[in-house]
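Structural characterization, general
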Amino acid sequence: MVKTKPTSASSGHTDNMQAQRRPADKLSRKQFEKELKHLQVELVKLQSWVVHKGLKIVVLFEGRDAAGKGGVIKQITERVSPRIFRIVALPTPTEREKTQMYFQRYIAELPAAGEVVLFDRSWYNRAGVEVVMGFCTPQQHKKFLHDAPLMEHEIINSGVILIKYWFEVSQDEQERRFQSRIADGRKTWKLSPIDLEAHKRWYDYSRAKDIMFEATDTPESPWYVVDADDKRRARLNCIAHFLSKIPYQEAPRQPVELPPRQPANGYVEPARAYNFVPGVY
């Protein structure tokens, strides 16, 4: 029996998110790693199937700042080939790119056969940070909301499997993670001026997200919302869901057997003074 987690009126979750029932017990690291290992084995099987069948897959990761998108992407790509599972995290557009069709630099990153592209932020920047921070005009924002479903239709129609994730986190949890970034020297690089604005403009981002969902959460290309307050459960749930959306099976392969090493044939290692890395640990 799971218990409903109390939610304050200022949580910023939609009513549906507030009503969602969350497990009361924290997932132990041991249990998390056990489940993750199983899922990563399945990701390797999926990788082989993607290559075998020439599949083209695009996954968008969007959501609140500090919601854990990067952590999920890291776990997905940890045990697979970067030549097949490719992460795209585009920087701020250049002056030249600003003159292009808005979707142009994203289209250039779409997969060929046998590839999976993971967008760490995507063309939906226009519906989030750009409109909230005033980096685009209201007219550009309106045009994007009209054009995005049309472009996604064309992407899907070209044979791409498109999956869109939105990571939702409560105000309290986002605050805790931002404070952790401030205090932990390993995480300070994650805290940008945009993050600070995201903290301040919580409800501006909420309104932008609601407008975005209304325009782009379509039957053909729906948004899947990940409850990300619990990082471990969010990672497992997202990966399991991703695997469930791709029809795959174990690709045929030949048994692997290590060949015997060649004989030395008189080879003698030279007496050379190597510059070894000091054994500090």
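Residues numbered from 1 in each chain as written. Predicted model: local features only at pLDDT ≥ 70, side-chain atom pairs only at ≥ 80, totals over all residues. Heavy atoms only, no water.

A count of helical and extended segments in the protein chain gives 11 helices and five strands. In terms of overall dimensions, the protein chain has C-alpha extents of about 75 × 45 × 45 Å along its principal axes. Within the protein chain, counting contacts between residues at least 6 apart in sequence, those at least 24 apart form 77% of the total. For the protein chain, the accessible area works out to roughly 17600 Å², and carbon and sulfur atoms hold 54% of it. (Helix = DSSP H or I, 4+ residues; strand = E, 2+ residues; numbered from the N terminus. Contact = heavy atoms within 4.5 Å. Areas by Shrake-Rupley, 256 points an atom, 1.4 Å probe, with all protein chains shown as cover.)

Inspection of every chain in the model, using the stated rule, returns 17 aromatic pairs. Both rings, one in Tyr106 and one in Trp123, keep their centres 6.1 Å apart while their planes meet at 80°; by these two values the pair is edge-to-face. Taken as a pair, Tyr106 in helix H5 (residues 104-107) and Trp123 in the loop between strand S3 (115-120) and helix H6 (129-133) lie far apart in primary sequence, 17 residues in all. For Tyr106, a relative accessible area of 2% translates into the label buried. (Phe/Tyr/Trp six-rings, centres within 6.5 Å; stacked < 30°, edge-to-face > 60°. Buried < 20%, exposed > 50% of the residue type's maximum accessible area, 1.4 Å probe, protein only.)

A separate point is the UniProt feature "domain: Polyphosphate kinase-2-related" (unreviewed entry) in the protein chain. Under the local residue numbering, the UniProt record ascribes the feature "domain: Polyphosphate kinase-2-related" (unreviewed entry) to residues 27-252. Taken end to end, residues 27-252 has its terminal C-alpha atoms 35 Å apart, with 52% of it in helix and 14% in strand. (UniProt positions renumbered as here; feature names shortened; annotations may be inferred.)

Strand order in the open sheet formed by five strands is S2-S3-S1-S4-S5, with parallel pairing between adjacent strands. Either end of the sheet is taken by a strand with one partner, and the two such strands are strand S2 (85-88) and strand S5 (223-227). Strand after strand, the sheet turns through a mean of 25° between neighbouring axes, direction not considered. For S2 and S3, the ladder comprises four bridges, and the chain directions are parallel. Bridging from a neighbouring strand, Val88 pairs with Phe119 of S3. (Pairing = 2+ DSSP bridges. Axes fitted to C-alpha atoms, helices over the stretch in contact; angles between N-to-C directions.)

With 91% of its residues at a pLDDT of 70 or more, the protein chain has an overall mean of 91. Within the model, pLDDT remains below 50 along residues 1-15, and this stretch shows 30 contacts once partners closer than five positions in the same chain are excluded. (pLDDT = per-residue confidence, 0-100.)

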